[in-house]
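# Understanding the architecture of this molecule
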Amino acid sequence: VYSFAICIWEMWAHQIPFSTINFDSLVEKFVMEGGRPNLELVLTMPIDVRNLMRVCWAQDPAERPSFAAILEVIAEEY
C-alpha cells in the first residue's frame with residue numbers, strides 16, 4: 001500500500017521520488033524517520049486523491065488502508 005502511494009505521487013509529479021538523495025541507505029533512513037515525497041509537486045492533484053495517497057503512506061503500517069478499502073474509496077469518487 002505504501003508503494004501504491006509512492007506510485008500515485010510519481011505519476012502525478014512526473015518525477016522519481018527521492019531522486020535528490022544520493023544513496024539508498026539515506027533514502028531508507030529518510031523514509032523510516034517519516035520523510036515522504038514533496039507534496040508541493042502535486043498541489044494540482046485532486047484533494048481526494050491526495051488524501052488517499054497520504055493515508056496509504058502513513059508511517060504506521062497499521063494505519064494504512066487495505067486494497068479493498070482503497071478500491072471502495074476509488075469507486076465512490078470515480
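I will try to describe carefully the structure that is included in this document. What you are looking at is a predicted structure, and each value in this text was computed from that prediction instead of being measured. (Residues numbered from 1 in each chain as written. Predicted model: local features only at pLDDT ≥ 70, side-chain atom pairs only at ≥ 80, totals over all residues. Heavy atoms only, no water.)

Once that is clear, we can look at the side chain of Arg 50. Along the chain, Arg 50 falls in helix α3 (residues 47-56). Although buried, Arg 50 forms no salt bridge, and the nearest oppositely charged side chain, Asp 48, lies 8.4 Å from it. Beyond its immediate stretch of four places on either side in the chain, Arg 50 contacts Leu 39, Val 42, Leu 43 and Met 45. (Helix = DSSP H or I, 4+ residues; strand = E, 2+ residues; numbered from the N terminus. Buried < 20%, exposed > 50% of the residue type's maximum accessible area, 1.4 Å probe, protein only. Lys, Arg positive; Asp, Glu negative; His and termini not counted. Salt bridge = Lys/Arg side-chain N within 4 Å of Asp/Glu carboxyl O. Contact = heavy atoms within 4.5 Å.)

Take the state of the cysteines next. This structure, assessed with the given rule, holds zero disulfides. In this structure Cys 7 is a free cysteine whose sulfur lies 11 Å from that of Cys 56, the closest cysteine sulfur available. With a relative accessible area of 40%, Cys 7 lands in the partly exposed category. (Disulfide = S-S within 2.5 Å.)

All right, on to unusual backbone geometry then. Of note in the backbone geometry, His 14 takes a positive phi value of approximately 55° without being a glycine. One non-glycine residue, Phe 18, lies in positive phi territory at about 65°. With respect to the element layout, Phe 18 can be found in the loop between α1 (2-13) and α2 (24-32). What makes Phe 18 buried here is its relative accessible area of 16%.

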